[in-house]
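# Survey of secondary and tertiary structure
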Amino acid sequence: METEFTPWMSLAGGVLIGISAVLLMMFNGRIAGMTGIMTGIIPPFSTDWPWRIAFLAGAVIGPVVFLAAGGAIPYAVPVSLPLLALGGLIVGVGVYYGAGCTSGHGVCGMARLSPRSIAATITFMIFTGLTVYVVRHIAGI
Amino acid sequence: MQKFIVSALVGAIFGLGIAISGMANPAKVLNFFDVAGSWDPSLIFVMGGALITTAIGYLVVFGARKKPVFDADFHLPINKTIDARLIGGSAVFGIGWGIAGFCPGGAIPALGFGGLAVIAFVGAMIIGIVLARSIDGLRHKPAKAF
C-alpha cells in the first residue's frame, strides 16, 4: 500500500512532539516517554498516577479535537487483527525490558545524548527494518 | 493540580503531533521501513523535527533552571549501563513494531480514531507489559527477600 510523502506535515508533527517533550520537562521534570508514562498506570499503579492519566487522556483527546475541528489525519492499517495482537504482545514485552520506546529513547533520550537511548534506538530501528523486510518480502504477507 | 493540567495540555500537543506526523498511521510507519518496497521517507522528518526541537529545548531548560516549575527535581534516568536487557528488549520491541506498525507513542493517540485495530494492539501490548513485569518480578523476588 503506497502512502503519500508528507515532509512538511511530518516535520510539523515532529516539532510538536519536541515541544511537548520540552514542556513536560520544564514544568513537571518528566521524560515524555510513552512506555514509562503508561507503565505507571498498569496495576500496581505508581503513586504519581494522576499526571500520567492526564497525559494519556490529553494524547487521546488532542487528535479527536483536531478531527472535530475539520483537520485530516491519514490513517490506514495494512495489518490483520491477529498480527496486530501478536505485534502488540511483543511490543509490550520489548518496551518493558528495553525500558522505553520511540518517544522515550528515540526522542527524549537521544536528545540528551544518552548512550543507553542511542544504543536502544539503533537496535530497535534495525530490528524493525529487518522485520518489515521479512514480513513483506520473504513471508510475503 | 497544576501538574495535572500541564500534563493534560502537553499530552494533547504530543497526541496531535503524533497524529499529524504519521506516527499513528501503520501504513506510513511500515512504508518508512520498507526501503525495498513502497518506501515513504516522511518519518525522517518526524524524527528530525522532534529531536532538534527537544535537544535545543532541553539545553535551554537545563541551562536556565535548577528545577522544574512544578516539581522539586528533574526526573532523569540514572541507569547508565548498556546491557543485554536493554538491547534484547529493544530488539524485541523492534520486531513487534515491524509486525504491527504501531509503537506505544503512536498507538495511544490513535485510540480516539483508529477503531478496532488500535484497540487490539493496545490491549495486547498491555498484556505484554503485565506478563513481562510478572516474569521479571518472579525472577527478582528471592533477591529482594534477602
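In this text the structure is predicted, and so the values were computed from the model without any measurement.

It is worth spelling out the overall build of chain A at this point. Summing up its helical and strand segments, chain A has six helices and zero strands in all. Its helices and strands taken in sequence order, chain A reads α-α-α-α-α-α from the N to the C terminus. By its C-alpha atoms, chain A is 45 × 40 × 30 Å across when sized along the principal axes. Burial status across chain A gives 58% buried among its 141 residues. In chain A, once contacts between residues fewer than 6 apart in sequence are set aside, the share between residues at least 24 apart is 41%.

Quick look at the overall build of chain B now. Summing up its helical and strand segments, chain B has six helices and zero strands in all. Counting from the amino terminus, chain B carries its helices and strands in the arrangement α-α-α-α-α-α. For 146 residues, the compact-globule estimate of 2.2 N^0.38 gives 15 Å, and chain B exceeds it by more than 25% at 18 Å. Counting the 146 residues in chain B, one finds 51% classified as buried. A separation threshold of at least 6 residues defines the contact pool for chain B, and within that pool the share at least 24 residues apart is 43%.

Running from N to C, helix α6 (residues 115-138) of chain A and helix α4 (residues 84-100) of chain B point in directions that differ by 35°, and their axes come no closer than 7 Å. Of the two possible hands of crossing, α6 of chain A and α4 of chain B adopt the one that is right-handed. Contacts between α6 of chain A and α4 of chain B involve Arg116, Ala119, Ala120, Thr123, Phe124, Met125, Ile126, Phe127, Thr128, Thr131, Val132 and Val135 of chain A from the first element and Leu86, Ile87, Ser90, Ala91, Phe93, Gly94, Ile95, Trp97, Gly98 and Ile99 of chain B from the second. Within the contact of α6 of chain A with α4 of chain B, the residues separate by chemical class into 15 nonpolar, six polar and one charged.

Most peptide bonds adopt trans geometry, and most residues besides glycine take a negative phi value. All names here are of chain A. Cis peptide bonds are those with omega within 30 degrees of zero, and the linkage from Pro43 to Pro44 qualifies with 0°. Mapping Pro44 onto the fold places it in the loop between α2 (34-39) and α3 (49-68). Positive phi, close to 55°, is recorded for Ala99, a residue that is not glycine. Tracing the backbone shows Ala99 in the loop between α4 (81-98) and α5 (102-111).

Facing 100 residues of chain A, the contacting portion of chain B comprises 102 residues. Going through the elements one at a time, α1 (7-28), α2, α3, α4, α5 and α6 of chain A are the ones with two or more residues in the side of chain A that touches chain B. Sort the elements by how many residues they give to the side of chain A that touches chain B and α1 of chain A lands first, with 21 residues. The class makeup of the residues in the side of chain A that touches chain B is 69 nonpolar, 26 polar and five charged.

Attention shifts here to the nonpolar core. Counting 89 residues, the largest nonpolar core has Ala21, Ile90 and Val91 of chain A together with Ala100, Ala107, Val118 and Phe121 of chain B as its most contacted members. When residues in this core are grouped by element, the largest group, 11 residues, is from α1 of chain A. Excluding residues within four positions of it along the chain, Val118 of chain B makes contact with Phe102, Ala107, Ala110 and Leu111 of chain B.

Next up on the list: the environment of Arg116 of chain A. Looking at the element boundaries, Arg116 of chain A is found in helix α6. Each C-alpha atom of the pair Arg116 of chain A and Gly98 of chain A lies 9.6 Å from the other, and the pair is 18 residues apart in sequence. The contacts of Arg116 of chain A, once residues within four sequence positions are left out, are Gly109 of chain A together with Asn79, Lys80, Ile82 and Leu86 of chain B.

It should be kept in mind that the predicted coordinates are not to be read in detail where pLDDT is low. Residues and elements named next belong to chain B. For chain B, the mean per-residue pLDDT works out to 94, and 95% of the residues sit at or above 70. Low pLDDT (under 50) marks residues 142-146, which in the prediction has zero contacts with non-local residues, meaning those over four places away or in another chain. Predicted as a complex, the structure gets a pTM of 0.95 and an ipTM equal to 0.97.

Its place among the elements puts Gly89 of chain B in helix α4. On the basis of neighbour count, Gly89 of chain B is assigned to the buried category, with 25 C-beta atoms found within 10 Å. Residues in contact with Gly89 of chain B, not counting those within four places in the same chain, are Gly94, Val95, Tyr96, Tyr97, Gly98 and Ala99 of chain A.

Take helix α3 (residues 42-64) of chain B next. Look at α3 of chain B: 33 Å from first C-alpha to last across 23 residues, which is about the 33 Å you get at 1.5 Å a residue. Buried residues of α3 of chain B: Ser42, Leu43, Phe45, Val46, Met47, Gly49, Ala50, Thr53, Thr54 and Tyr58 of chain B, and no others. Contacts from the buried residues of α3 of chain B go to α1 and α5 of chain A together with α1 (2-21) and α2 (26-33) of chain B.

What counts as what
Residues numbered from 1 in each chain as written. Chains lettered and ligands numbered in written order. Predicted model: local features only at pLDDT ≥ 70, side-chain atom pairs only at ≥ 80, totals over all residues. Helix = DSSP H or I, 4+ residues; strand = E, 2+ residues; numbered from the N terminus. Buried ≥ 20, exposed ≤ 12 C-beta atoms within 10 Å, placed from the backbone. Contact = placed C-beta atoms within 7 Å. Rg over C-alpha atoms; globule rule 2.2 N^0.38 Å. Axes fitted to C-alpha atoms, helices over the stretch in contact; angles between N-to-C directions. Left-handed = near helix turned anticlockwise from the far one by under 90°. Nonpolar A, V, L, I, M, F, W, Y, C, P; charged D, E, K, R; others polar. Core = buried A, V, L, I, M, F, W, Y, C linked by C-beta atoms within 7 Å. pLDDT = per-residue confidence, 0-100. Expected span 1.5 Å × (residues − 1).

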